[in-house]
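For reference, the chains in residue letters:
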Amino acid sequence: MGISRSIRTAVIGAGPRGTSVLERLLANWASAGSAGTLHIDVIDPYPAGPGHVWQPGQSRLYLMNTQSFYPTVVPEDPELAPPLAGHTFDQWRELQQSHPRPALTDEERGEVSGLSEADFPSRALYGRYLRSTLEELLTVLPAGVSVDFHQARATSVRHAASEPVNPVAGAPDESSVRFNVVLDDGTVLTVDSVVLAMGHLDARLNAEQRELLSAAEELGLLYVPPAAPADVDWSVVPGGKPVLVRGMGLNFFDVMGQLTEGRGGRFVAGESNAELTYLPSGREPLIIAASRRGTPYRAKATLAGYYPGEVQLRYCTEDAIAKFAESGIRPSFDFDLWPLLHRDAIWAYYSTLARSQPDAILTGPAEFLRALEEALRPHAHSTAKWENAAESVISVHVRAAHRLDLLGLAAPLARRTFGSRTELDAAVVDYLLDDARRSALGEDDPVKMAIGALHHGRAVLKTAVADSGITDESWVAGLRGWFESFVEGLASGPPALRAAQLAALARAGVVRFVGPDPKFGVDRRARTFTAASPWVGGQTDETVGEGSEDAGMYGVGLDRVGVGTVGAVAGGSAGGAVGGAGLRSAAVRGPGSARARTESAVPGAVSAAAMIEALAPANRVAVNSSPLLEQLLAEGMVRPRLMMTVEGTPVETSGLDVVPHPYRPLGANGSVTPGLYVLGLQLSATQWGTAIAAEARPKSGPVYRSGQRTLRDADEIARDILAH
């Protein structure tokens, strides 16, 4: 039955998620054969389609963290209303190669012409895809639909003045609730519903960051706070001088690219091997990199698809997760879900080891795998620890040098000390080259396949969290407390090329490292930022920084550093370790002190007059510096979600408190406001992994429910808007 009334809705946020809401509104309107009118106001200070993050004009050195075959803003779910236009990114890529759109720039044509389905596109090109998809949608608007774009910032959403209520009829129903949306250009839009698809937002600095910024302003230093990399003017970072860079996740590689290749440096492949050499331009700073682990994220394996085909989950499956809900059980992450995924990672590692390196098995590979399979089998009524049984099997069948320390993979420098910074730098280069070598082996590398199992499992966990939820205490202490950081450092890393490039930069002396568990401060007498690791000694080569005159422009070079591996095969310890919560505290370092010291020089510290936070702004609704979000929170129209720790203490989480489906925010009094919807990053207390784009249907392998969840969420919102 068609829709015969007039509807007006506002979509706040015109990036990928806002575009998905628009696409779903059009598809469902057309599918319903509606005879009324639908007006959609799309609001964003940035151009619609790409939004803030994916602007087509940004540097092409900024790469996506997924390959061409992965992302889409258009659903491929046969249960949803069919799209009126648009394609997956990979389909669009192929179309541009055969019939490029006239609007493509020469740079875009050049990139897309050589881009394969397994390559990592630039964020700029993905932004062009988003813009093209939006333009296609606007050419096929169904009858009765109109769209206005407002390149402005929404500053408030409030209930519009209600019409007088008929005392006989009682309170107004949902269809009579309306909103005034105020924009920063003075426009006021009165609409029937509002979708909050705000995406990445700026955030207020934490106490330590405020101290560092204040010291920088007082002492004339350069401090770059957390920001989207494309928003930063990198030209203000002086060449030839040290710069501290805190954070070695994905944003680090963006910073690295801008300060090296972005300044004219070049990477050259060796003739006798695949290792890269960096040829500096002379305009680079000396990059001194720091993170809790002391190393960057592990690089992605070279695979034909998003998930390794050789890895099939046996334990942490969608069917296994569904049984919890069918039994009325709200699972605990640490006690119910992690043990299943832990088994899968162990099986993926050792089954790959037995296949690719049979000499590592002391007995017959088939005999070993049969024994391991029996040890890993879940037994509902057994009180024995399965980890002990598995470890016993492994100790009998596998050579010690090839045993897995799973949690140690995320902390390859743990339990190691370094007499000098040169020794540390050499160890990090060895780690990077070993990791790049493993990435090149792809599905034949046991470590990368253990990580591949975690990657598979992450997709299953997203469904478990969003559909039935997990206990509050395990969300706080388990999923977000230790596992998120652990799995991101392993399964969310950059393309393998980036690890090889970083190794080349370190060998050239353009990048040096601080070491694990760094402490940051300000030396007011020397007017510099400082950083020091308790695991790195203070021998004479430690004077890297503003006062280091004999190290040259790029400090002590590492051109003669050897190539090897770090620690055991797992990058952690020499012993085998497969299980248990006890490993977690040993292998994954805690956050340590977060206070910026403002004192004199620390022995063994590095120093610099510039410091960059290679971090994204915090995705926490309570600290996001959004006038709209601040207004909604202050006036009680939305509230952050609270969770209870195991001690019974309420903890404020990162996202909004919502009820499904579709996702609608709860107000301060616990009530739901009809007509107000939430999509995307602000759902981070109900969904896990909200920053990852929707996944196009893979050509082979498993199709996980979580892959296109964002698009289904957008569809639920669209259908609810049209139904009310």
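What you see is a predicted model, and the numbers here were worked out from it, not measured in a lab.

The rules behind each value
Residues numbered from 1 in each chain as written. Predicted model: local features only at pLDDT ≥ 70, side-chain atom pairs only at ≥ 80, totals over all residues. Heavy atoms only, no water. Pairing = 2+ DSSP bridges. Helix = DSSP H or I, 4+ residues; strand = E, 2+ residues; numbered from the N terminus. Axes fitted to C-alpha atoms, helices over the stretch in contact; angles between N-to-C directions. Contact = heavy atoms within 4.5 Å. Salt bridge = Lys/Arg side-chain N within 4 Å of Asp/Glu carboxyl O. Buried < 20%, exposed > 50% of the residue type's maximum accessible area, 1.4 Å probe, protein only. Phe/Tyr/Trp six-rings, centres within 6.5 Å; stacked < 30°, edge-to-face > 60°. Lys NZ or Arg CZ within 6 Å of the ring centre and 35° of its normal.

This next bit is on the sheet that holds strand β23 (residues 676–678). The sheet built from five strands is open, its strands ordered β3-β2-β1-β7-β23 with parallel pairing. For this open sheet the edge positions go to β3 (145–150) and β23, each flanked by a neighbour on one side alone. Between one strand axis and the next, the sheet turns by 15° as a mean value, whatever way the strands run. Where strand β2 (residues 37–43) and β3 come together, six bridges link them in parallel fashion. If you follow D41 over to β3, its bridge partner there is D148. The sheet strands contacting helix α17 (residues 709–723) are β1 (6–12), β2, β7 (193–196) and β23, and the helix crosses β23 at an angle near 175°.

Tallied over the full model, the rule gives 36 salt bridges. Its salt-bridge partner being R204, residue E630 comes within 3.3 Å of it at the nearest N-O pair. Here the residue E630 occupies a position in helix α16 (residues 627–634), and R204 occupies one in the loop between β7 and α5 (207–219), the gap between them amounting to 426 residues. With a shortest N-O distance of 2.8 Å, R709 and D467 are connected by a salt bridge. Separated by 242 residues along the polypeptide, R709 in helix α17 and D467 in helix α12 (residues 446–467) bring together distant segments of the chain. In this structure, a network of salt bridges that share partners links the residues E23, R24, D715 and R719.

Before going further, it helps to spend a moment on unusual backbone geometry. Residue H661 is reached from P660 by a cis peptide bond, and omega for that bond is -25°. Along the chain, H661 falls in the loop between β21 (658–659) and β22 (664–665). Backbone torsion omega between H661 and P662 reads 0°, so that peptide bond is classified as cis. You can see P662 is positioned in the loop between β21 and β22. At D517, a residue that is not glycine, the phi angle is positive and equals roughly 50°. Backbone geometry places R527, a non-glycine residue, at a positive phi of 55°. Its location among the elements puts R527 in the loop between β14 (519–523) and β15 (528–532). For R527, a relative accessible area of 46% gives the class partly exposed.

For the structure shown, the criterion picks out 23 aromatic pairs. Taken together, a centroid distance of 5.3 Å and an interplanar angle of 80° make the contact between Y307 and Y704 edge-to-face. Residue Y307 is located in the loop between β12 (286–290) and α7 (318–326), and its partner Y704 is located in the loop between β23 and α17; the two are separated by 397 residues in the primary sequence. Since its relative accessible area comes to 12%, Y307 is described here as buried. Through pairs of rings, three or more aromatic residues link up here, namely F333, W338, W482, F483, F486 and W688. The cationic tip of R246 hangs over the ring face of F520; the distance from NZ or CZ to the ring centre is 4.4 Å. The positively charged end of R343 is found above the aromatic ring belonging to W386, 4.3 Å away from the centroid.

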